[in-house]
Amino acid sequence: MANLKSYKMLVALAVAGLAIALAIAGLLLSLKDAPKDMFPQPSVAAKEAAPDFKLALLDGSNFQLGSHKGKPVLINFFASWCLPCGEEMPAIEKIVHEYGPRGVVFLGISTDDTETNASNFIKKHGVTFPAGIDKSTEIQKAYGLYGIPTTYFIDKQGMVNYFHSGSVTEDLMRHELDKLL
Amino acid sequence: MGGGAALWGGFSSFFSIWQVCILQISPFFIAFIVGTYLATPARETDARILRWIVPPCIAFGVGFNLFYSLLIASGLSFSRPLITNLGSLRIVAGTVILLASLHIFLVNRSPFLGKMHRPLPLSGLALLLGISFALIYSPCITPMLSDIMGLASQRATAQEGLVLAGFYGIGITLALCLVAVALTLLLGKNATALRHADAIKNACGVVLLALAIMNLTGLMRHYKAFVLGFVL
């Protein structure tokens with residue numbers, strides 16, 4: 001009997017916890033039209049300077065973001081084990097061939113990955129733009145990355161103009177890169 | 001997109017090819033629930049099992065979804081400290097997972113842990129574990145999650161994105177908990193499994209210990225690259 005009682009109490013507590021969580025969610029949803037200064041400026045969504053970094057590339061050379069000021073840069077975070085990352089690569093490659101000659105710099109950064117797997121992924125998907133592994137995870141941290149694939153569009157002044165979480169399409173990349181050229 | 005669609009998106013992703021990405025957390029949560037059950041004093045074999053595992057499952061879901069949706073809602077100012085300190089927070093998460101694994105290992109050997117092995121304290125541990133799993137998780141962004149993150153990353157729509165991310169996360173945790181509960185109920189009815197309960201419990205502890213070590217040492221990328229890559 002005592003067991004049944006405490007079980008009921010636990011379930012009640014758990015349901016109460018869930019109800020509180022849903023109530024908070026509902027409250028936040030109802031605040032959609034509240035004054036915007038309640039939730040002030042986010043970082044990367046607005047125009048912010050793209051954190052500078054140096055990355056060792058898989059071909060043995062180095063990439064320094066700061067040395068590409070004056071050119072639009074597209075940075076794609078990916079991983080060999082990420083399903084949508086493989087799916088978007090043909091579209092990115094097409095855009096590389098279209099916009100590379102127009103001065104856009106492309107970079108792939110593999111996260112949570114090993115060198116062998118990243119290299120195999122690059123070969124498998126015929127990636128021609130420079131890519132490296134963020135082994136120390138410092139670049140991920142600097143960009144506040146949560147989830148892959150994520151693509152950043154950086155303007156000529158070195159500001160993040162836009163970022164997209166999830167697979168990118170050719171149209172989306174054209175739309176964003178045209179704004180930067 | 002509504003909350004129901006987001007919930008279904010998360011739930012169905014668990015039973016689809018996207019499970020490959022959820023493998024970062026799913027086997028470890030199941031190990032926690034199974035280990036928790038097998039460490040119970042009586043190992044009840046009927047519906048009373050639920051008393052031990054349902055509240056921790058719900059607590060895990062609350063912890064996971066709270067932090068998962070906050071991490072996705074990058075457009076909110078109060079999400080930023082979480083996102084920018086994710087590296088340090090993952091170390092804390094690794095420590096919590098280490099404590100959970102030690103609990104499962106030592107619960108039958110330590111009178112203090114034995115006393116703590118009750119549904120309510122276990123729910124507290126599960127809540128912390130849920131938060132930890134949200135912190136160590138690197139979601140693969142499904143098309144639906146991409147739409148949600150698109151909303152969540154913009155200041156004007158971040159709150160809507162936060163709520164939808166919450167529903168999406170509830171879908172994932174609901175599926176995860178259903179599988180864990182079903183597996184535990186099956187184990188509870190299996191005489192062979194119950195005969196080897198200690199060994200299985202210790203194996204669950206080892207699985208959690210491995211996750212803790214991988215997170216504390218940075219080896220998690222090898223797990224992702226080899227195990228998840230192998231499945232793909």
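Residues numbered from 1 in each chain as written. Chains lettered and ligands numbered in written order. Predicted model: local features only at pLDDT ≥ 70, side-chain atom pairs only at ≥ 80, totals over all residues.

Enquirer: An account of the overall build of chain A is requested, with residue identities and associated values reported.
Expert: Along chain A, the regular secondary structure elements total five helices and eight strands. When the helices and strands of chain A are read in sequence order from the N terminus, they spell out α-β-β-β-β-α-β-α-β-α-β-β-α. Contacts spanning at least 24 positions in sequence make up 70% of the contacts within chain A whose residues lie at least 6 apart. (Helix = DSSP H or I, 4+ residues; strand = E, 2+ residues; numbered from the N terminus. Contact = placed C-beta atoms within 7 Å.)

Enquirer: Give a description of the pairing of strand β8 (residues 159-165) of chain A that names residues and reports values.
Expert: Residues and elements named next belong to chain A. Note that strand β1 (residues 48-49) and β8 share two bridges and pair antiparallel. Residue Ala 49 lies in a different strand from β8, and its bridge partner there is Met 159. Summarising the sheet, strand β7 (residues 150-154) and β8 pair through five bridges and their orientation is antiparallel. Across the sheet, Tyr 152 pairs through a bridge with Phe 163, a residue of β8. (Pairing = 2+ DSSP bridges.)

Enquirer: Report on the sheet that holds β8(A), specifying residues and quantitative values.
Expert: Residues and elements named next belong to chain A. Taken in spatial order, the six strands make up an open sheet running β1-β8-β7-β4-β5-β6, and their pairing is mixed. If you trace the sheet from one side to the other, it starts and ends with β1 and β6 (131-133), each paired once. By the bridge criterion, three bridges tie strand β5 (residues 105-110) to β6 in an arrangement that is parallel. Opposite Gly 108, over in β6, you have Ala 131 as the bridge partner.

Enquirer: Give a description of the packing of helix α6 (residues 86-106) of chain B against helix α8 (residues 119-136) of chain B that names residues and reports values.
Expert: All names here are of chain B. Packing of α6 against α8 brings their axes to within 8 Å, and their N-to-C directions diverge by 140 degrees. Comparing the axis directions of α6 and α8 gives the class oblique. Our pair here, α6 against α8, has a crossing hand that is left-handed. Every residue of α8 that contacts α6 at Leu 86, Leu 89, Arg 90, Ala 93, Val 96, Ile 97, Ala 100 and His 103 is listed here: Leu 125, Leu 128, Leu 129, Ser 132, Leu 135 and Ile 136. Of the residues belonging to the contact of α6 with α8, the class tally is eleven nonpolar, two polar and one charged. (Axes fitted to C-alpha atoms, helices over the stretch in contact; angles between N-to-C directions. Parallel < 35°, antiparallel > 145°, perpendicular 65-115°, else oblique. Left-handed = near helix turned anticlockwise from the far one by under 90°. Nonpolar A, V, L, I, M, F, W, Y, C, P; charged D, E, K, R; others polar.)

Enquirer: Describe helix α3 (residues 26-38) of chain B, and please don't skip the residues or the numbers.
Expert: Turn by turn, an α-helix covers 3.6 residues, leaving residues three or four places apart pointing in a common direction. All names here are of chain B. Between its first and last C-alpha atoms α3 spans 18 Å; for 13 residues at 1.5 Å apiece the expected length is 18 Å, and the two agree. Where burial is concerned, most of α3 is hidden: ten out of the 13 residues are buried. Those residues of α3 not exposed but buried are Phe 28, Phe 29, Ala 31, Phe 32, Ile 33, Val 34, Gly 35, Thr 36, Tyr 37 and Leu 38. Elements in contact with the buried residues of α3: α4 (49-72), α6, α8, α10 (158-189) and α12 (197-217). (Expected span 1.5 Å × (residues − 1). Buried ≥ 20, exposed ≤ 12 C-beta atoms within 10 Å, placed from the backbone.)

Enquirer: Report on α12(B), specifying residues and quantitative values.
Expert: Residue and element names in this part refer to chain B. In this model, α12 (21 residues) spans 30 Å end to end at C-alpha, consistent with the 30 Å of a helix rising 1.5 Å per residue. The complete set of buried residues in α12 reads Lys 201, Cys 204, Gly 205, Leu 208, Leu 211, Ala 212 and Asn 215. Down the axis of α12, the buried side of the element spans an arc of 115 degrees, and every buried residue falls inside it. Looking at α12, the residues exposed on the side facing more than 90 degrees away from the buried face are Ala 199 and Thr 217. The first or second residue beyond α12 is Gly 218, which carries a positive phi of 85 degrees. (Arc of directions from axis to C-beta.)

Enquirer: Can you tell me about the pairing of strand β4 (residues 73-78) of chain A, naming the residues and giving the values?
Expert: Residue and element names in this part refer to chain A. When you tally the buried positions in β4, you get six out of six residues, the bulk of the element. A two-sided burial pattern is seen for β4, the buried positions comprising Val 73, Ile 75 and Phe 77 on one face and Leu 74, Asn 76 and Phe 78 on the other. As defined by bridge partners, β4 adjoins β5 across six bridges and the pair is classed as parallel. The residue bridging Phe 77 from the neighbouring strand is Ile 109, located in β5. This β-α-β element, β4 to helix α2 (residues 83-99) to β5, shows right-handed connectivity. (Right-handed = clockwise from strand over helix to strand, strands pointing away.)

Enquirer: Give a detailed account of the nonpolar core, specifying residues and quantitative values.
Expert: Residues and elements named next belong to chain B. Counting 116 residues, the largest nonpolar core has Ile 148 and Leu 208 as its most contacted members. Top contributing element to this core by residue count: α4, with 14 residues. Residue contacts for Ile 148: discarding those within four places in its chain leaves Ala 6, Ile 72, Gly 161, Leu 164, Ala 165 and Tyr 168. (Core = buried A, V, L, I, M, F, W, Y, C linked by C-beta atoms within 7 Å.)

The values are spatial; any link to function lies outside them.
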